[in-house]
Amino acid sequence: MRVLLTGAAGQLGRCFIDRLPADWTLMAADSQKLDITDATAVFAAVTQFKPDAIVNAAAYTAVDKAESEPEKAKAINAEGPGFLAAAAAKLDIPFVHISTDYVFDGTASDPYCENTPCSPKSVYGQTKLDGELAALKANPKTIVIRTAWVFSEYGNNFVKTMLRVGAQRGELGVVSDQYGCPTYAGDIAAAIIAMLSKSQLSYGVYHFCGDTAVSWFDFAQTIFEEAQACELYPHQVKVNPIASHEYPTPASRPAYSILSTDKICALNLRPSPWKQQLKTVLQKILSQ
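What you see is a predicted model, and the numbers here were worked out from it, not measured in a lab. (Residues numbered from 1 in each chain as written. Predicted model: local features only at pLDDT ≥ 70, side-chain atom pairs only at ≥ 80, totals over all residues. Heavy atoms only, no water.)

Another point: the overall build of the chain. Along the backbone of the chain there are nine helices and 12 strands. Here the C-alpha radius of gyration of the chain, 19 Å, is about what a compact globule of 288 residues would show, namely 19 Å. Expressed along its principal axes, the backbone C-alpha trace of the chain runs to roughly 55 × 40 × 35 Å. Counted over contacts in the chain with a minimum sequence separation of 6, partners at least 24 positions apart contribute 80%. Each charge class in the chain was averaged separately, 25 positive and 29 negative side chains, and the resulting centres sit 5 Å apart. (Helix = DSSP H or I, 4+ residues; strand = E, 2+ residues; numbered from the N terminus. Rg over C-alpha atoms; globule rule 2.2 N^0.38 Å. Contact = heavy atoms within 4.5 Å. Lys, Arg positive; Asp, Glu negative; His and termini not counted. Charge placed at Lys NZ, Arg CZ, Asp CG, Glu CD.)

The next point concerns the nonpolar core. Ranked by size, the top nonpolar core spans 66 residues in total, and within it Phe16, Val159, Leu163, Val174, Ile192, Phe219 and Ile223 carry the most contacts. Sorting elements by how many residues they give to this core places helix 6 (residues 185-197) first, with eight residues. Excluding its chain neighbours within four sequence positions, the residues that come into contact with valine 159 are Phe151, Phe219, Ile223, Leu278, Leu282 and Ile285. Grouped together as the second largest cluster of nonpolar side chains are 26 residues, Ile36, Ala58, Tyr60 and Ala88 included. (Core = buried A, V, L, I, M, F, W, Y, C linked by side-chain atoms within 4.5 Å. Buried < 20%, exposed > 50% of the residue type's maximum accessible area, 1.4 Å probe, protein only.)

Time to look at the pairing of strand 3 (residues 53-56). Residues of strand 3 alternate between two faces, with Ala53 and Val55 on one and Ile54 and Asn56 on the opposite face, all of them buried. Here four bridges tie strand 1 (residues 2-6) to strand 3, and the two strands are oriented parallel to one another. The partner of valine 3 across the bridge, within strand 3, is alanine 53. Summarising the sheet, strand 3 and strand 4 (residues 95-100) pair through three bridges and their orientation is parallel. If you follow valine 55 over to strand 4, its bridge partner there is valine 96. For the crossover that starts at strand 3, traverses helix 3 (residues 70-91) and ends in the parallel strand 4, the hand is right-handed. (Pairing = 2+ DSSP bridges. Right-handed = clockwise from strand over helix to strand, strands pointing away.)

Spatial strand order, 2-1-3-4-5-10: six strands in an open sheet with parallel pairing. Where the open sheet ends on each side, the last strands, each with one partner, are strand 2 (25-29) and strand 10 (204-207). Taking each pair of neighbouring strands and ignoring which way they run, the sheet shows an average axis angle of 20 degrees. In terms of strand pairing, strand 1 meets strand 2 through five bridges, oriented parallel. Across the sheet, arginine 2 pairs through a bridge with threonine 25, a residue of strand 2. In the packing of helix 4 (residues 123-138) onto the sheet, contacts are made with strand 4, strand 5 (142-147) and strand 10, and the angle to strand 4 comes to roughly 160 degrees. (Axes fitted to C-alpha atoms, helices over the stretch in contact; angles between N-to-C directions.)

This brings us to the side chain of threonine 127. You can see threonine 127 is positioned in helix 4. Polar contacts involving the side chain of threonine 127 include one to the main-chain carbonyl oxygen of tyrosine 124, which spans 2.9 Å. Residues within four places of threonine 127 in sequence aside, it is in contact with Pro70, Ala73, Lys74, Asn77 and Ala78. (Polar contact = N/O pair within 3.5 Å; in protein donor to acceptor, adjacent residues only side chain to side chain.)

In this section: the environment of proline 241. With respect to the helices and strands, proline 241 occurs in strand 12 (residues 238-242). For proline 241, a relative accessible area of 48% puts it in the partly exposed group. Apart from residues no more than four positions distant in its own chain, proline 241 is found in contact with Val174, Ser176 and Phe217.

Right, here's the structure in full:
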């Protein structure tokens, strides 16, 4: 299989490259190699490479900065996916697009299903939703995978931030009234590869995230507990729970963004066992 991967330098992109089946051919494109906001460049790249599938892991993920850069966020998160999906449609091939739990408003009390009405509370969430809609409209062979709280051994993420700040301060406050499901980027990559490997693809929107819901505070505590357990992190860190209003941010976050994974489980794909994967990631980060 020939796959065009965008966002190749990000967490998901690098994990995807690590797990690429030996008999697949990959064009791994970061933003320097392919600007997905340039429709002409997108169509030229797709026409030249002639992939059997396109996976879009590129995104504008600076949630707070998006509030002051809405046009840039729109170009990358909404327009770019539309161009990629349209290029895939011209070749009549599948397009896989990664989206987010931030398309929901966070007011639910039960896990969000794929058909739950979306109501983003931020520019980031709105542009990601617009990207979903643009892709689904441009190509009927689109798979949208919404995920949440992504972490890995690569790039910038909550796990790395906690380890760095914890080592500097020894004590920190973490929001305890926002709930979601941490997800290992490697498991998202493996799920995409598994879906593309099926003889008959099931198109549409899917949720894929961690198997256990926690608050950011719970997540932080688990990170430090596991880091100290592996004996590679000598710092003693005290984590204090704080309310969202004590840590104001430019962008509003959903208080509850737990995703139901029942639909993707029906494809025999398990949710990410994030606590188990966290141990592996910490070993990789702390042994560097």
